[in-house]
Every structure is written in C-alpha cells, then in structure tokens.
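Breakdown of the fold
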Amino acid sequence: MTSPKESGTPGTITAGYWLVVAGAVLWVLAAVFQFANKQVLIDQVKSTTTDGKLTPEMIESTATAIVVAVLVGSVVLAGLAVWFAGKVKGGLKKSRTGLMITVLLNLFFQMIGNGLAVVPALIAMSGLVLFYFRQSTEYLTQREQLA
C-alpha cells in the first residue's frame, strides 16, 4: 500500500479493478452453474408447458441453445470487462467508457438469460462506479496528461 503522499495507483482504482474481476468471475460461474443444471430447466419447461405443438426434442434443443449462448456470452463479456478494467488500472481513462458499455450490456444480458448472475453483474457495476470517483478521475487525468 502506498501512503496518500506517495504517487501511485489510488485505492479506488485498485478496488474497482478487483470488484470488476470478482463480478466477472462470479457471472461466469453462474453461467457454468446454469449450464450444469440444464436438465432441471428442461424438465420444468416440459412439466409446465400446455402447448401441444412443443415436442420434447424442441424444448431440449431450444434450452440447450439458450444455455450455451448464455455461457458463451458470459465468457466473452467477462473477458472484455476484465480487459477494460485492466486498461483503466493502467491509466487509460477512455477505457472507462468501454467498461461501462460492457458491464451494462452484461447486466441486460444476464437479466434476460441468467437471473443468478444479476448480483455478480451489480458487483462489477460497483467496481465501475469506483472508477468514476474523484480520486480515480484525477489520477486518470494526470496519467493522460503525462502520455
């Protein structure tokens, strides 16, 4: 840890980075959990459907496609979020915008596809908020002027 008088990365940047990383890891784990429990989802849809046009094969293929799409989307968005957070931690102020877009897309994506991952998305969002605190903004502006 650096003292406030020493120059270094502020605590808000470091904490924000780790919150984004933790949120991304947790939302990927939520997608893996959903993928692992795919059969529970399929069984529940089969037992509650009243539409005679839906065959068990249609339900299984659709559920599989959705669960795989959520898993792939979660991994891609987690990778982007961690990459943008690393860029912000390195002092690139413009990456906050990319991170914000990525985290908001993920929040929307998870609300539709995987309700278990909404809380991890909000954890990542809290890390993003720390990147906009005054200490973080001053540090990033200073780093931008040095470059």
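Figured I'd write up the structure that's included with this text. (Residues numbered from 1 in each chain as written. Predicted model: local features only at pLDDT ≥ 70, side-chain atom pairs only at ≥ 80, totals over all residues. Heavy atoms only, no water.)

With that settled, the discussion passes to the pattern of salt bridges. Side chains carrying opposite charge are able to pair once their charged atoms draw close together. This structure, assessed with the given rule, holds one salt bridge. A salt bridge links Glu60 to Lys46, with the shortest nitrogen-to-oxygen separation between them at 2.7 Å. Note that Glu60 is positioned in helix α3 (residues 56–89) and Lys46 in helix α2 (residues 38–48), a separation of 14 residues in sequence. On the accessibility criterion, Glu60 (33% relative accessible area) is partly exposed. (Salt bridge = Lys/Arg side-chain N within 4 Å of Asp/Glu carboxyl O. Helix = DSSP H or I, 4+ residues; strand = E, 2+ residues; numbered from the N terminus. Buried < 20%, exposed > 50% of the residue type's maximum accessible area, 1.4 Å probe, protein only.)

Here we take up the environment of Val21. Within the element layout of this structure, Val21 appears in helix α1 (residues 11–36). Look at Val21 and you get buried, because its relative accessible area is 15%. In the structure, Val21 is positioned 60 residues away from Ala81 in sequence and 7.7 Å away in space, judged by C-alpha atoms.

Taken as a whole and judged by the stated rule, the model has two aromatic pairs. Centroid distance Tyr17 to Trp18: 5.0 Å. Interplanar angle 80 degrees. Geometry classified as edge-to-face. A relative accessible area of 16% means that Tyr17 is categorised as buried. Note on Trp83 and Phe84: the rings are 5.0 Å apart at their centroids and 55 degrees apart in plane angle, and the pair reads as tilted. Under the relative-accessibility criterion, Trp83 is labelled partly exposed at 48%. Positioned above the aromatic ring of Tyr17 is the side chain of Lys89, whose terminal nitrogen or guanidinium carbon lies 4.5 Å from the ring centre. (Phe/Tyr/Trp six-rings, centres within 6.5 Å; stacked < 30°, edge-to-face > 60°. Lys NZ or Arg CZ within 6 Å of the ring centre and 35° of its normal.)

By the secondary structure assignment, Ser136 is in helix α6 (residues 134–146). The exposure class of Ser136 is buried, given its relative accessible area of 0%. A polar side-chain atom of Ser136 sits 2.5 Å from a polar atom in the side chain of Thr12. (Polar contact = N/O pair within 3.5 Å; in protein donor to acceptor, adjacent residues only side chain to side chain.)

Okay, the nonpolar core next. Grouped together as the largest cluster of nonpolar side chains are 25 residues, with contacts concentrated most on Ile13, Val20, Trp27, Ala85, Leu99 and Phe131. Among the elements that take part in this core, α1 stands out by supplying eight residues, more than any other. (Core = buried A, V, L, I, M, F, W, Y, C linked by side-chain atoms within 4.5 Å.)

Where helix α4 (residues 95–113) meets helix α5 (residues 118–130), the axes come as close as 9 Å, and the angle between the chain directions of the two elements is 165 degrees. In terms of their interaxial angle, α4 and α5 are classed as roughly antiparallel. Note on packing geometry: the crossing formed by α4 with α5 is left-handed. Of the residues in α5, those touching α4 at Arg96, Leu99, Met100, Val103, Leu104, Asn106, Leu107, Gln110 and Met111 are Val118, Ala121, Leu122, Ala124, Met125 and Leu128. The residue inventory of the contact of α4 with α5, partitioned by class, reads twelve nonpolar, two polar and one charged. (Axes fitted to C-alpha atoms, helices over the stretch in contact; angles between N-to-C directions. Parallel < 35°, antiparallel > 145°, perpendicular 65-115°, else oblique. Left-handed = near helix turned anticlockwise from the far one by under 90°. Contact = heavy atoms within 4.5 Å. Nonpolar A, V, L, I, M, F, W, Y, C, P; charged D, E, K, R; others polar.)

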